[in-house]
Amino acid sequence: MAERGRAVTVVTDRPFYPDYEIAAGYEAGQRDCEEVFGVDVLRLPTYVPKGGRAIKRCINEAVFLAGVVSRLLTGRIKRSTQVVSLCPSIFTVLAGAVATKRSGRHVAIVHDIQSGLAAGLGMLGSGPILRLLQSLERFALNRADSIIVLSEHMREVLQRQGVRRPIEVIPIWVDLNQIFPLPRPDGARPVVLYSGNLGRKQGWDQLIAMVEILRDRRPDIQVVIRGTGSRIDVLQEEIQERRLTNVSLQPLVPAEQLNEGLAAGDVHLVPQDPNGADFAIPSKVYGIMAAGRPFVCTAVPGSPLALLEKQTQSCACVPPNDPDAFADAVIRLASDPALCEGMGQRARDYVAATASRDVVLSRYLDLLLGQSNPATKEIRQLQPALDR
């Protein structure tokens, strides 16, 4: 929107994820007010939910909501005619609702359904706290003008919870000019790459079990794990105890090196905890696909990633908690560069048609302005068939 000449303000936390510590250079509020790519950014003082526990996350999000409301009351933030809120934080959706003028439009982008993830991963149980969170989701989302989700299944889940506002299925966008296929060196050792957060919903224990099988069956395959998160210490201990000499732990690459970082893997890994897989889609898969690389994921039949496999034939899904099947799929792809190249090309073509920056953000803008165009209608009509 800034590129199209509109004045845009972003209200956010001071950055602390995924290390659960305020990033260097932000801790004392040095960058609470700045301009980034023509966008005014306002960062609020932040409670850091160290350890990633559910109750601490709720406190973090409530503090953010309180900060937005207080600044609206004092006039430091102005209510707007166009507001976008990003969830997983239903408190952010509430902040978006109160920040929208009566005559304005509020679009809520839901990438994770918090209540479903919390229940599936055993973070809140199935009692009154979970029901309260579902009620809060229903209340907040029914105050948006439009809602964006990543899959047809996510739309159905919200509708079953009583969300009655219009819900659009739109994937995460990728800038195809910044992420594109790069060649791998001839004769290089096969590299299997996991990159991202190392937390509960990633199902990292499946990853470790698979790496152990690769060590015994194909020690020539190098496994690289990049990332950090709430389970990083446990992961390091597991690697040492099991003597997994075929794996290396590395930090995440800087944003400006993302394309080269994705290209470093011949095959990418996307493990998921099956109990939370229906309520979120790993955002990394679209970047992997744009880079022209195949990935192996753990997914149950009918889940969003299983449907993506059917649609694109650009990834391989294996049953969750089956490390032998996980390893078999990895070995099959790592042993067949031609197969990987074909899957990678189909992945790139799919992203170009449905998830490129221009396609997705144009649909966002149409919803925000209350407009529609033929391309948006055509994609909306195709989406249910694609999901089936």
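Remember, predicted model here, so these are calculated numbers, not experimental data. (Residues numbered from 1 in each chain as written. Predicted model: local features only at pLDDT ≥ 70, side-chain atom pairs only at ≥ 80, totals over all residues. Heavy atoms only, no water.)

**Details of the side chain of Thr92**
Stage number 1. When you line up the elements, Thr92 lands in helix 2 (residues 90-98).
Stage number 2. Apart from the residues lying within four places of it in its own chain, the contact partners of Thr92 are Phe64, Ser85 and Leu86. (Helix = DSSP H or I, 4+ residues; strand = E, 2+ residues; numbered from the N terminus. Contact = heavy atoms within 4.5 Å.)

**Concerning the nonpolar core**
Stage number 1. Counting residues in each nonpolar core, the largest one holds 54 residues, and the members touching the most others are Leu141, Ile147 and Phe295.
Stage number 2. Leaving out residues up to four positions away in the same chain, Ile147 has contacts with Ala108, Val110, Leu141, Leu158, Val163, Arg165, Pro166, Ile167 and Glu168.
Stage number 3. Grouped together as the second largest cluster of nonpolar side chains are 33 residues, Ile232, Val247, Ala329 and Met343 included. (Core = buried A, V, L, I, M, F, W, Y, C linked by side-chain atoms within 4.5 Å. Buried < 20%, exposed > 50% of the residue type's maximum accessible area, 1.4 Å probe, protein only.)

**Section: the sheet that holds strand 1 (residues 9-13)**
Stage number 1. Strand order in this open sheet of three strands is 1-3-2, and the pairing throughout is mixed. Pairing within the sheet leaves two strands with one partner each, and these edge strands are strand 1 and strand 2 (33-36). Each neighbouring strand pair of the sheet contributes to a mean axis angle of 30 degrees, computed without reference to strand direction. (Pairing = 2+ DSSP bridges. Axes fitted to C-alpha atoms, helices over the stretch in contact; angles between N-to-C directions.)

**Some details on the pairing of strand 8 (residues 191-195)**
Stage number 1. The buried fraction of strand 8 amounts to four of the five residues, a majority that puts the element mostly inside the structure.
Stage number 2. Inspection of the sheet shows strand 8 paired to strand 9 (residues 222-226) by five bridges, in the parallel sense. Looking at strand 9, one finds that Tyr194 is bridged to Ile225.
Stage number 3. Relative to strand 11 (residues 267-270), strand 8 runs parallel, the two sharing two bridges. Note on strand 11: the bridge partner recorded for Val192 is Val267.

**Description of the side chain of His106**
Stage number 1. Within the secondary structure layout, His106 lies in strand 5 (residues 100-110).
Stage number 2. When its relative accessible area of 1% is taken as the criterion, His106 is described as buried.
Stage number 3. When neighbours within four sequence positions are excluded, His106 is seen to be in contact with Val83, Ser85, Val93, Gly96, Ala97, Thr100, Arg143, Ala144, Asp145 and Ser146.

**Structural notes on the pattern of salt bridges**
Stage number 1. Inspection of the entire model under this criterion finds 13 salt bridges.
Stage number 2. Notably, a salt bridge pairs Arg184 with Asp266, separated by 3.0 Å at the nearest N-O pair. With Arg184 in the loop between strand 7 (167-169) and strand 8 and Asp266 in the loop between helix 8 (258-263) and strand 11, this residue pair connects regions lying 82 residues apart in the sequence.
Stage number 3. Two residues, Glu238 and Arg242, come together in a salt bridge whose shortest N-O distance is 2.9 Å. You can see Glu238 and its partner Arg242 sitting in helix 7 (residues 232-242), four residues apart, about one turn around the helix.
Stage number 4. What makes Glu238 partly exposed here is its relative accessible area of 22%. (Salt bridge = Lys/Arg side-chain N within 4 Å of Asp/Glu carboxyl O.)

**Side note on the packing of aromatic side chains**
Stage number 1. For the structure shown, the criterion picks out two aromatic pairs.
Stage number 2. Here the aromatic rings of Phe16 and Tyr20 are separated by 6.1 Å at their centres, their planes lie at 40 degrees, and the arrangement is tilted. Just as Phe16 is buried, Tyr20 falls in that class too.
Stage number 3. Ring geometry for Tyr17 versus Tyr20: centroids 6.1 Å apart, planes at 80 degrees, classification edge-to-face.
Stage number 4. Taking the relative accessible area as the measure of exposure, Tyr20 reaches 9% and is therefore buried.
Stage number 5. Taken together, the aromatic side chains of Phe16, Tyr17 and Tyr20 make up a single cluster linked through ring pairs.
Stage number 6. The ring of Phe139 has Arg143 sitting right over it, with the charged end atom 3.8 Å from the ring centre. (Phe/Tyr/Trp six-rings, centres within 6.5 Å; stacked < 30°, edge-to-face > 60°. Lys NZ or Arg CZ within 6 Å of the ring centre and 35° of its normal.)

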